[in-house]
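A structural walkthrough
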Amino acid sequence: MKLYADTTARRTRQLLSDVLALAWVAAWLWVGRQVHDTILQLRAPADSLTSAGDSVHGALTGAGDQAGRLPVVGDDLETWLDRAAGSGTTLRNAGAEMAATVENVANWLGVLTALFPILTVGGLWLWVRVRFVRRATTAQRFIDSADDLDLFALRALANQPMTALARITPDPAGAWRRRDPEAIRALAVLELRDQGLRPPPGH
């Protein structure tokens with residue numbers, strides 16, 4: 001598998017694009033984390049509500065236990081205080097639900113904030129890199145196994161601009177049909193360079 005071009009300029013651009021893509025992903029992961037942490041700070045009121053509910057429940061339950069020891073009215077007072085302690089439980093549950101909601105919102109917004117930019121740029125980068133790897137790997141197999149560069153010369157006739165072909169020879173198609181070795185090599189090198197490849201030694 002050929003990951004990078006043979007030509008220096010294109011290989012440098014590919015390496016730079018890889019570094020920039022990684023930096024882009026890292027930057028947006030950091031932004032997503034900051035969004036998550038900022039929203040998560042809204043849990044403070046919910047945590048305070050939960051703590052207050054625990055305190056109310058604990059205080060009234062303790063008071064009920066103490067009241068139960070009083071003669072005559074102790075049992076009734078304990079029952080009333082135990083019921084009142086239920087308000088502390090309700091308060092605590094409300095705080096816990098609010099905290100869970102804030103945490104879910106923080107998680108989702110953090111993920112979505114990072115995900116869309118990463119997928120947009122990362123998807124384009126991945127498409128370009130995979131396209132190059134597939135084409136370069138296939139081309140490399142041909143130039144490693146073929147005895148000549150006719151195939152790439154023919155591809156140059158089909159793919160390269162007319163001005164580039166004319167700089168090689170006034171009649172590139174005729175030179176290819178005549179199997180002119182110098183013209184064929186020049187045409188093949190033109191196509192290979194466009195793919196980021198060089199002909200192997202001896203060609």
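Preceding this section is the structure that the text describes.
Residues numbered from 1 in each chain as written. Predicted model: local features only at pLDDT ≥ 70, side-chain atom pairs only at ≥ 80, totals over all residues. Heavy atoms only, no water.

1. Side note on the pattern of salt bridges
Which entries qualify depends on this criterion: The rule for a salt bridge is simple: a side-chain nitrogen of Lys or Arg has to be within 4 Å of a carboxyl oxygen of Asp or Glu. Numbering of helices and strands starts at the N terminus; helices are DSSP runs of H or I of at least 4 residues and strands are runs of E of at least 2. Throughout, exposure labels follow a simple rule: accessible area from a 1.4 Å probe, protein chains only, divided by the maximum for the residue type, with under 20% read as buried, over 50% as exposed, and the rest as partly exposed.
According to the stated counting rule, one finds five salt bridges in the structure shown. Asp-18 is the partner of Arg-129 in a salt bridge, and the nearest nitrogen-oxygen pair spans 3.1 Å. You can see Arg-129 sitting in helix H3 (residues 74-145) and its partner Asp-18 sitting in helix H1 (residues 8-40), a full 111 residues away along the chain. Considered together, Arg-129 and Asp-18 belong to a single accessibility category, that of buried residues.

2. Examining the environment of Glu-182
Mapped onto the fold, Glu-182 is located in helix H7 (residues 181-194). Take Glu-182: its relative accessible area is 66%, and that puts it in the exposed class.

3. Section: H1
Inclusion rule: A helix is expected to span 1.5 Å for every residue after the first.
Taking 1.5 Å per residue, 33 residues should reach 48 Å; H1 reaches 48 Å between its end C-alpha atoms and fits that length. All of the buried residues along H1 are Gln-14, Asp-18, Ala-21, Gly-32, His-36 and Ile-39.

4. Quick word on the nonpolar core
Quick note on the threshold: Only buried residues count toward a nonpolar core, which is a set of Ala, Val, Leu, Ile, Met, Phe, Trp, Tyr and Cys residues joined through side-chain atoms within 4.5 Å. Whether two residues are in contact is decided by their heavy atoms: any pair within 4.5 Å suffices.
With eleven residues, the main nonpolar core is built from Ala-5, Phe-132, Val-133, Ala-136, Ala-139, Ile-143, Leu-149, Phe-152, Ala-188, Leu-192 and Leu-197. Looking at this core, the elements with two or more residues in it are H3 and H7. In terms of residues, this core owes the most to one element, H3, which gives five residues. Aside from chain neighbours lying at most four places away, what touches Ala-188 is Leu-149, Phe-152 and Ala-153. Within the second largest apolar cluster, seven residues are counted, among which are Ala-153, Ala-164, Leu-165 and Leu-187.

5. So, the packing of aromatic side chains
The description of an aromatic ring pair uses the distance of the two centres, along with the angle that the planes make with each other. Let me state the cut-off plainly: When two rings of Phe, Tyr or Trp (its six-membered ring) have centres within 6.5 Å they constitute a pair, described as stacked for plane angles under 30 degrees, edge-to-face for angles over 60, and tilted for the intermediate range. Sitting over a ring, as applied to charges here, requires NZ of Lys or CZ of Arg to be within 6 Å of the ring centre and within 35 degrees of the ring normal.
Scanning the model with the defined rule gives one aromatic pair in all. Cation over ring: Arg-129 sits above Tyr-4, and NZ or CZ is 4.8 Å from the ring centre.

6. Comments concerning the layout of surface pockets
Using the following cut-off: Points on a 1 Å grid, built from protein atoms alone, make a cavity when a 1.4 Å probe fits but cannot get out and make a pocket when they are open with protein on both sides within 12 Å along at least 5 of 7 lines; residues with an atom within 4 Å of a point are the lining residues. Grid points are joined across faces, edges and corners, and a volume is the space filled by probe spheres set on the points. Asp, Glu, Lys and Arg are counted as charged, while Ala, Val, Leu, Ile, Met, Phe, Trp, Tyr, Cys and Pro are counted as nonpolar; the rest, among them Gly, fall into the polar class.
By volume, the largest pocket is sized at about 320 Å³. Lining the largest pocket are 16 residues, and of these Arg-10, Gln-14, Val-128, Arg-129 and Phe-132 lie nearest its centre. Elements that contribute at least two residues to the lining of the largest pocket include exactly H1 and H3. For the lining of the largest pocket, the element with the highest residue contribution is H3, accounting for ten residues. For the lining of the largest pocket, a count of residues per class yields seven nonpolar, three polar and six charged.

By themselves, these figures tell us nothing about what the structure is for.
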